[in-house]
Amino acid sequence: YYTKAQRILLQYQHMPSFQGINTDCVHIMEQLAATLKQQFHDKQSSPRQLAECVDLLLQLREPAEQLCEEFLKHARHKLDCDLEELQYQISWTKGEASPQSPERPSQAYTSTPMDVLEFIDSGCNGFLSNMCLVIASYNDMFLNKQDNMLIDSYNDMFLNKQDNEALENIAMKKLVHFVNSLMEQYFQAVKMRIQLERETGDNTILVRALDRFHRRLQAMNKLLPDTDFSRAGTDIVSSAARDRVDHYLESLKQHFADCLTDVRQNLASPRPAGKQEAALNLGELLSGVQLNTVDQVKSVLTNLQVFIAPDITFAMKPYFRGAFCTTGVREGLVVAFVRHLTTVCHDFCEGGGERWAAPPALLLILSRLCSDFENSTISYLITLTEEQFDMDSRNEMTSISDLCNEVKVTAQKLLNHYVKVQGLAISQMLRKSVETRDWLNTIEPRNVRAVMKRVVEDITAIDSQVGQLYEEGVRKERSSDSSRRAHSYSASQQRRGQWAFTPSIDNSLISNIQKLFSEKIEIFSAVEFSKVSVLTGIVKISLKTFMECVRLRIFGRYGLQQIQVDTNYLQIHLWGFVSDENLVQCLLDEIVCSTVHRCLDPVLMEPSVIELICDRG
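Residues numbered from 1 in each chain as written. Predicted model: local features only at pLDDT ≥ 70, side-chain atom pairs only at ≥ 80, totals over all residues. Heavy atoms only, no water.

(A) Examining the overall build of the chain more closely. Along the chain, the regular secondary structure elements total 21 helices and zero strands. Across the 617 residues in the chain, those meeting the buried criterion constitute 45%. Just so you have it, the chain exposes about 31400 Å², and 51% of that area is on carbon and sulfur atoms. (Helix = DSSP H or I, 4+ residues; strand = E, 2+ residues; numbered from the N terminus. Buried < 20%, exposed > 50% of the residue type's maximum accessible area, 1.4 Å probe, protein only. Areas by Shrake-Rupley, 256 points an atom, 1.4 Å probe, with all protein chains shown as cover.)

Next up, the structure:
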């Protein structure tokens with residue numbers, strides 16, 4: 001009635017009778033406006049009550065911009081309370097708060113910490129529901145008002161079209177700023193809560209919570225078209241998925257480290273006397289590591305498949321699915337784990353620190369593990385991943401062949417390092433045996449030295465160890481007539497004796513001429529993945545060390561003869577371990593030749609006596 005009468009009162013307010021009525025009406029309307037504005041300060045006011053107040057105040061020509069601010073200020077109090085409860089739940093889950101905490105909001109909530117699904121439900125049913133209600137009410141009151149107003153004869157009392165558009169722009173900016181500032185706080189709370197799920201073992205509840213969160217944000221976009229909360233929600237979902245992938249990668253790394261620890265404990269555990277080799281089955285240890293590792297990877301892949309289940313809304317989004325499957329699972333998990341395994345194994349080949357103390361058997365197991373990964377396991381795991389996660393082959397990905405080549409290089413380094421470690425261990429025994437003996441004043445040899453028997457025993461043990469993991473390999477054709485080999489060896493010694501007593505010919509010159517026509521022996525060459533190749537490498541390193549130690553000593557007659565006996569014993573027992581018996585023959589001949597050159601009284605022992613001593617030894 002006032003709005004209808006206001007035009008007449010203004011028109012005739014110069015008349016005393018109308019002036020008094022107008023003054024009284026203005027005073028009454030000011031009181032009414034003040035009473036209506038009190039609703040904004042009442043925390044218990046409902047959105048419906050506020051909408052009615054705003055409608056009446058707009059008709060009373062109250063500034064719309066000020067009403068926008070008052071409405072949003074009142075709405076913010078409730079939304080802030082919702083955010084405080086969410087933040088409190090996060091602190092409670094972390095153990096930083098309790099139900100009796102004085103900082104807890106006054107609303108009656110659960111007495112136990114919420115799981116992530118309950119947390120998301122609480123946020124959706126509380127904060128997001130209230131936010132949607134605020135947006136809808138705001139739209140009705142300030143943005144869609146012209147559609148609801150009754151345009152009658154008093155149309156001039158309302159804003160003209162140009163002013164109305166300006167009001168809508170201002171009102172929209174205020175709403176967008178209001179919503180964005182609160183939603184940013186809400187997203188931050190959700191991120192913090194989801195990050196607490198990094199260590200969880202089951203993804204089902206987490207994915208359900210993320211799906212519910214994503215669905216609700218999509219619904220909000222319809223209320224406020226100028227924003228895209230679904231994309232922000234997808235970023236949070238993607239971040240949560242990456243966190244899960246990173247967590248599983250760390251768990252795979254830890255599991256592999258635990259497997260290596262178990263292997264080392266098994267290798268170091270004492271075994272019954274006389275059953276050392278029987279109790280140490282390297283093949284079983286290798287199979288245990290390999291099967292456990294592959295099963296663990298498969299289990300992780302199964303757990304991650306819930307992120308792309310067909311009933312999950314965000315799983316259908318290309319910008320989530322592509323990055324998650326390719327960058328996250330294939331590259332960030334499987335490929336990254338294989339490269340971590342390669343790095344760990346490669347570290348065992350580096351000198352210094354605790355890694356240097358790795359047992360040789362562990363190096364052998366890891367070399368075969370990498371070899372098996374290169375031959376079949378990598379291809380199996382990558383193919384399985386691509387099938388389970390339906391990947392697009394057009395994306396840039398690490399090729400299987402490149403990954404296999406990386407692992408193959410590591411397998412080769414491990415095997416080379418195993419040969420080096422074992423060869424140096426035997427070399428150490430030979431070096432000490434040569435350096436600690438007085439070769440000038442030794443007695444006439446009657447037995448093979450104990451160190452030579454120990455060398456043969458150790459190489460025999462290594463042969464058994466390597467044979468558990470690698471195939472025999474290819475040998476050059478050799479003679480089975482050991483007596484003929486001994487005769488040939490003795491004949492070569494006799495020839496050297498002739499050189500030693502021929503004054504017209506320089507012994508060193510003859511030896512050097514002979515080397516020119518002999519095949520060069522590369523001591524530290526790459527080892528093939530076979531038992532024969534591994535043992536050949538170890539024997540070459542050992543005999544080369546023996547030779548170099550001999551070249552640093554001076555020998556008497558019996559010292560030379562002892563070297564003859566020792567080398568003949570090694571020839572009898574080592575030829576069966578190497579790929580070419582001529583290699584052993586050549587190195588041992590060189591040792592005896594060097595001893596002759598370093599001998600003050602080079603008188604060789606009869607071959608028959610040498611054979612008798614070796615047979616008795």
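(B) Region of the structure containing the packing of helix H9 (residues 229-268) against helix H11 (residues 282-304). Following both chains from N to C, one finds H9 and H11 inclined at 165 degrees, their axes separated by 10 Å at the closest point. With respect to H11, the axis of H9 lies roughly antiparallel. Crossing geometry of H9 relative to H11 is assigned as right-handed. Listed contacts from H11 to Arg244, Val245, Tyr248, Leu252, His255, Phe256, Cys259, Val263, Asn266 and Leu267 of H9 are Leu282, Leu285, Val289, Asn292, Thr293, Gln296, Val297, Val300, Asn303 and Leu304. Tallied by class, residues from the contact of H9 with H11 come to 13 nonpolar, six polar and one charged. (Axes fitted to C-alpha atoms, helices over the stretch in contact; angles between N-to-C directions. Parallel < 35°, antiparallel > 145°, perpendicular 65-115°, else oblique. Left-handed = near helix turned anticlockwise from the far one by under 90°. Contact = heavy atoms within 4.5 Å. Nonpolar A, V, L, I, M, F, W, Y, C, P; charged D, E, K, R; others polar.)

(C) Looking closely at the nonpolar core. One finds Met183, Tyr186, Phe256, Leu304, Phe307, Phe324 and Leu333 to be the most contacted residues of the largest nonpolar core, which totals 171 residues. At 15 residues, helix H5 (residues 116-143) tops the list of elements feeding residues into this core. Apart from residues lying up to four places away in sequence, Leu333 is in contact with Val245, Tyr248, Leu249, Leu252, Val300, Leu301, Leu304 and Gly328. (Core = buried A, V, L, I, M, F, W, Y, C linked by side-chain atoms within 4.5 Å.)

(D) Representation of the packing of helix H18 (residues 531-550) against helix H20 (residues 581-597) within the structure. Packing of H18 against H20 leaves a shortest axis separation of 9 Å and a crossing angle of 10 degrees. Between H18 and H20, the angle is such that the two are roughly parallel. Across the interface between the two elements, Thr536, Val539, Lys540, Leu543, Phe546, Met547 and Val550 from H18 touch Leu583, Val584, Leu587, Leu588, Glu590, Ile591, Ser594 and Thr595 from H20. Of the residues in the contact of H18 with H20, the class split is ten nonpolar, three polar and two charged.

(E) Spatial organisation of the pattern of salt bridges. Taken as a whole and assessed by the stated rule, the structure comprises 21 salt bridges. The partner of Glu250 in a salt bridge is Lys253, with the nearest N and O atoms 3.7 Å apart. One end of the pair is Glu250 and the other is Lys253, both in helix H9 and three residues apart, which spans about a single turn. Overall, the relative accessible area of 45% leaves Glu250 in the partly exposed class. (Salt bridge = Lys/Arg side-chain N within 4 Å of Asp/Glu carboxyl O.)

(F) Up close: the side chain of Asp566. By secondary structure assignment, the location of Asp566 is in helix H19 (residues 557-574). There is a polar contact of 2.6 Å between the side chain of Asp566 and the side chain of Arg449. Not counting residues up to four positions away in its chain, the partners in contact with Asp566 are Val448, Arg449 and Met452. (Polar contact = N/O pair within 3.5 Å; in protein donor to acceptor, adjacent residues only side chain to side chain.)

(G) Fine view of the environment of Arg264. Structurally, Arg264 is set in helix H9. For the pair Arg264 and Ala358, spaced 94 residues apart in the sequence, the C-alpha separation amounts to 8.2 Å.

(H) Molecular detail of the environment of Val190. For Val190, the position within the fold is in helix H7 (residues 161-195). Apart from residues no more than four positions distant in its own chain, Val190 is found in contact with Phe119, Ile120, Phe213 and Ile236.

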